[in-house]
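An overview of the molecular structure
Spelled out from the first residue to the last, the chains are:
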Amino acid sequence: MASNPIQISGTNQDVVWERVVDIIHNYKFPIARENKLDGRIETEYKVGASLLEPWHGDSVGFDNRMESSLQSIRRRVFVSVTPVEGGYLLGVEAFKEIEDVHTATSSAPGGATFQQELSLRRDLNLVQERSTPPGWIPLGRDPALEQDMLESLQVAFSQ
């Protein structure tokens with residue numbers, strides 16, 4: 001089990017940065033923002049890989065893959081690159097969320113039938129926005145993904 005953050009040796013910040021970005025891309029995460037001055041890389045959300053997608057590395061282990069197969073899970077990763085004496089500290093934070101699915105009343109059984117007890121109402125504003133957009137419920141950090149990425153980073157910088 002790798003500590004978080006890990007210390008790697010390196011003298012060229014550009015080489016270290018590009019190697020970290022390559023590791024993030026190996027997990028198929030699209031980069032949202034990079035800031036070399038702050039030493040921070042932020043990814044876009046990525047829908048969790050199912051059992052039928054073994055080439056995606058974001059769902060680490062059978063349990064996470066099964067969970068992503070049965071329900072909508074997404075992950076986002078933040079990587080910090082901090083210069084220290086003799087190298088850099090690399091920290092990985094992976095956050096996991098589950099989709100909050102609301103059952104719309106219009107899709108409920110019988111929602112399209114006419115009700116006899118209501119009087120005729122005119123609604124001149126026919127185009128309406130969704131009342132409650134679908135959201136996501138945070139599940140906290142994903143330690144399995146963090147450890148897997150840290151191990152990949154250690155291997156990449158030990159060569």
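Here's what I pulled together on the structure shown here. (Residues numbered from 1 in each chain as written. Predicted model: local features only at pLDDT ≥ 70, side-chain atom pairs only at ≥ 80, totals over all residues. Heavy atoms only, no water.)

Attention now goes to helix H1 (residues 13-26). Here H1 spans 20 Å end to end across 14 residues, near enough to the 20 Å set by a 1.5 Å rise per residue. Buried residues belonging to H1 abut strand S1 (6-9), strand S2 (31-35), strand S3 (40-43), strand S5 (73-84), strand S6 (87-100) and helix H3 (143-158). Between the side-chain oxygen of the N-cap and the backbone nitrogen of aspartate 14 there are 3.0 Å, and the N-cap of H1 in question is asparagine 12. Positive phi shows up at lysine 28, right after H1, with a value of about 65°. (Helix = DSSP H or I, 4+ residues; strand = E, 2+ residues; numbered from the N terminus. Expected span 1.5 Å × (residues − 1). Contact = heavy atoms within 4.5 Å. Polar contact = N/O pair within 3.5 Å; in protein donor to acceptor, adjacent residues only side chain to side chain.)

Here the focus is the packing of H1 against H3. Where H1 meets H3, the closest approach of the two axes is 10 Å, and the angle between their N-to-C directions is 135°. One way to sum up the angle between H1 and H3 is to call them oblique. The chirality of how H1 crosses H3 is right-handed. In this structure, H1 uses Val16, Arg19, Val20, Ile23 and Ile24 to contact H3, whose residues at the interface are Met149, Ser152, Leu153, Ala156 and Phe157. Of the residues in the contact of H1 with H3, the class split is eight nonpolar, one polar and one charged. (Axes fitted to C-alpha atoms, helices over the stretch in contact; angles between N-to-C directions. Parallel < 35°, antiparallel > 145°, perpendicular 65-115°, else oblique. Left-handed = near helix turned anticlockwise from the far one by under 90°. Nonpolar A, V, L, I, M, F, W, Y, C, P; charged D, E, K, R; others polar.)

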